[in-house]
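Next come the chains, spelled out residue by residue.
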Amino acid sequence: MRPAAVAGSLARRELVRFFRQRNRVFGALAQPTVFWILFGAGLGPTFHLPGIGGAELNYREFFFPGTVVLILLFTAIFTSISIIEDRREGFLQSVLVAPIPRWSMVVGKLLGGTAIAFIEGFLFLLLSYTTGITPGPLALLASTLFMFLVAFALAGLGFVFAWRTDSTQGFHAVMSVVLFPMWLLSGSFFPAESGLLGWIATFNPLTYGVAGLRQLLYLGQAEPPLPPGLPSLTLCLLVTLAFALLTFALSCQVAGKRTTGDLL
């Protein structure tokens, strides 16, 4: 088979398997939505942050881009678990011994996970019109394309961790210790502009994914209600693209090596 056909078959397999498991579909979309509703209701009255245009930001509006990225992260994580399941069931070994380049397998897995995360993120993105953000056609198109790039980067990151992990329990531990704090310190949940948290956020690649999506949702508006201190849109695009290329390269690298245990 041609590498493109292999990648397409693996990506289609990921989509079919994910949407047959309705509990995974519900969990990846429902939990971040509940977070957005509950935290918006609970923290909204105490949240006071003046925007660049002078208007005070509503917390649900501020938290919305972070929730979209959280959905992309959760879905990418859930999809990466299939690597561990495929190894346990023997399917992954069959793919690895097939006369195909390893990168085609990586591309198929990543595109499948990216497509699933993108679909769920896009469904939630449509709720932006209920928050007062109301992106125009150009802003909506740019936001969806940027979401796809962020989803690809997160799918690659999940692939790297899942490939080096032997159990779903170990992978969930990695998620709790690394991936979820990575989202918390990205400016999604609260502004991180100064001090130690500000320095951590500066070196967190997901910070630029959240900031880029936050700006693209208001693309074309004269005075967008954005929080101060955001990195430029150009920088967000460059860092996110570099993050996606790096996770893809790491995925190809780990897929070409034998694993001897968890994260070894």
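Residues numbered from 1 in each chain as written. Predicted model: local features only at pLDDT ≥ 70, side-chain atom pairs only at ≥ 80, totals over all residues. Heavy atoms only, no water.

Brief notes about the confidence of the model for the protein
Then step 1. Taken over all residues, the pLDDT of the protein has a mean of 81, while the share at 70 or more is 87%.
Then step 2. Model confidence for the protein, summarised as mean pLDDT per element, is weakest for helix 4 (residues 91-97) at 71 and strongest for helix 10 (residues 233-255) at 93. (pLDDT = per-residue confidence, 0-100. Helix = DSSP H or I, 4+ residues; strand = E, 2+ residues; numbered from the N terminus.)

Points about helix 9 (residues 205-216)
Then step 1. Between the first and last C-alpha of helix 9 there are 17 Å, a value that for twelve residues agrees with the 16 Å anticipated at 1.5 Å per step.
Then step 2. Taken across its twelve residues, helix 9 has eleven buried, putting it largely inside the fold.
Then step 3. Taken residue by residue, helix 9 has L206, T207, Y208, G209, V210, A211, G212, L213, R214, Q215 and L216 as its buried positions.
Then step 4. Where helix 9 begins, the capping side chain belongs to N204, and its oxygen is found 3.1 Å from the backbone nitrogen of L206. (Expected span 1.5 Å × (residues − 1). Buried < 20%, exposed > 50% of the residue type's maximum accessible area, 1.4 Å probe, protein only. Polar contact = N/O pair within 3.5 Å; in protein donor to acceptor, adjacent residues only side chain to side chain.)

Considering empty space enclosed by the protein
Then step 1. For the structure on display, the rule yields four cavities of 30 Å³ or more.
Then step 2. In this structure, the largest cavity spans a volume of roughly 60 Å³.
Then step 3. Along its surface, the largest cavity is lined by E14, A76, T79, S80, S82, I83, K109, L110, G113, A155 and F159.
Then step 4. Those elements that provide at least two residues to the lining of the largest cavity are helix 3 (59-89), helix 5 (102-125) and helix 6 (137-163). (1 Å grid on protein atoms, 1.4 Å probe; cavity = no way out; pocket = protein on both sides within 12 Å on 5 of 7 lines; lining within 4 Å. Points joined across faces, edges and corners; volume = space filled by probe spheres on them.)

Structural notes on the packing of helix 1 (residues 3-20) against helix 5
Then step 1. The interhelical angle for the contact between helix 1 and helix 5, taken along N-to-C directions, is 40°, at an axis separation of 7 Å. The angle between the axes of helix 1 and helix 5 places the two elements in the oblique class. Of the two possible hands of crossing, helix 1 and helix 5 adopt the one that is right-handed. Contacts from P3, V6, A7, L10, A11, R13, E14, L15, R17, F18 and F19 in helix 1 reach W103, S104, M105, V107, G108, K109, L111, G112, A115, I116, I119 and E120 in helix 5.
Then step 2. Considered class by class, the residues forming the contact of helix 1 with helix 5 number 15 nonpolar, three polar and five charged. (Axes fitted to C-alpha atoms, helices over the stretch in contact; angles between N-to-C directions. Parallel < 35°, antiparallel > 145°, perpendicular 65-115°, else oblique. Left-handed = near helix turned anticlockwise from the far one by under 90°. Contact = heavy atoms within 4.5 Å. Nonpolar A, V, L, I, M, F, W, Y, C, P; charged D, E, K, R; others polar.)

Focus on helix 7 (residues 168-184)
Then step 1. Over its 17 residues, helix 7 extends 22 Å from the first C-alpha to the last, a length consistent with the 24 Å expected when each residue adds 1.5 Å.
Then step 2. Along helix 7, the sharpest kink reaches roughly 40°, centred on M175.
Then step 3. Where helix 7 is buried, its residues meet helix 3, helix 6, helix 9 and helix 10. (Bend = angle between axes of the 7 residues up to and from the residue.)

Describing the packing of aromatic side chains
Then step 1. Using the criterion set out here, one finds eleven aromatic pairs in the structure.
Then step 2. Ring plane angle 25° and centroid distance 6.2 Å describe the contact between F118 and F122, whose orientation is recorded as stacked. Of this pair, F118 and F122 are both found in helix 5, four residues apart, which corresponds to roughly one turn of the helix.
Then step 3. Judged by relative accessible area, which is 22%, F118 ranks as partly exposed.
Then step 4. The class of F122 is partly exposed, set by a relative accessible area of 28%.
Then step 5. Between W199 and F203 the ring centres are 6.3 Å apart and the planes differ by 15°, which places this aromatic pair in the stacked class. Side by side, W199 and F203 carry an identical accessibility label, which is exposed. (Phe/Tyr/Trp six-rings, centres within 6.5 Å; stacked < 30°, edge-to-face > 60°.)

Focus on unusual backbone geometry
Then step 1. Its identity is not glycine, yet T134 carries a phi of approximately 45°, on the positive side.
Then step 2. Its location among the elements puts T134 in the loop between helix 5 and helix 6.
Then step 3. Residue T134 is classed as partly exposed on the basis of its relative accessible area of 41%.

Some details on the packing of helix 1 against helix 3
Then step 1. Relative to each other, helix 1 and helix 3 sit at 105°, their axes nearing to 11 Å. As judged from the angle between their axes, helix 1 and helix 3 are roughly perpendicular. Between helix 1 and helix 3, the residues in contact are R13, E14, R17 and F18 and T75, T79, S82, E85, D86 and E89, respectively.
Then step 2. Across the contact of helix 1 with helix 3, the residue classes break down as one nonpolar, three polar and six charged.

Quick look at the nonpolar core
Then step 1. Of all hydrophobic cores here, the largest spans 64 residues; its most connected members are F64, M105, L154, F159, W163 and W183.
Then step 2. Listed by contribution, the elements that provide at least two residues to this core are helix 1, helix 3, helix 4, helix 5, helix 6, helix 7, helix 9 and helix 10.
Then step 3. Of the residues forming this core, the biggest block, 17 residues, is contributed by helix 3.
Then step 4. For L154, the contacting residues outside a window of four places in its chain are V69, L72, L73, A76, L206 and F243. (Core = buried A, V, L, I, M, F, W, Y, C linked by side-chain atoms within 4.5 Å.)

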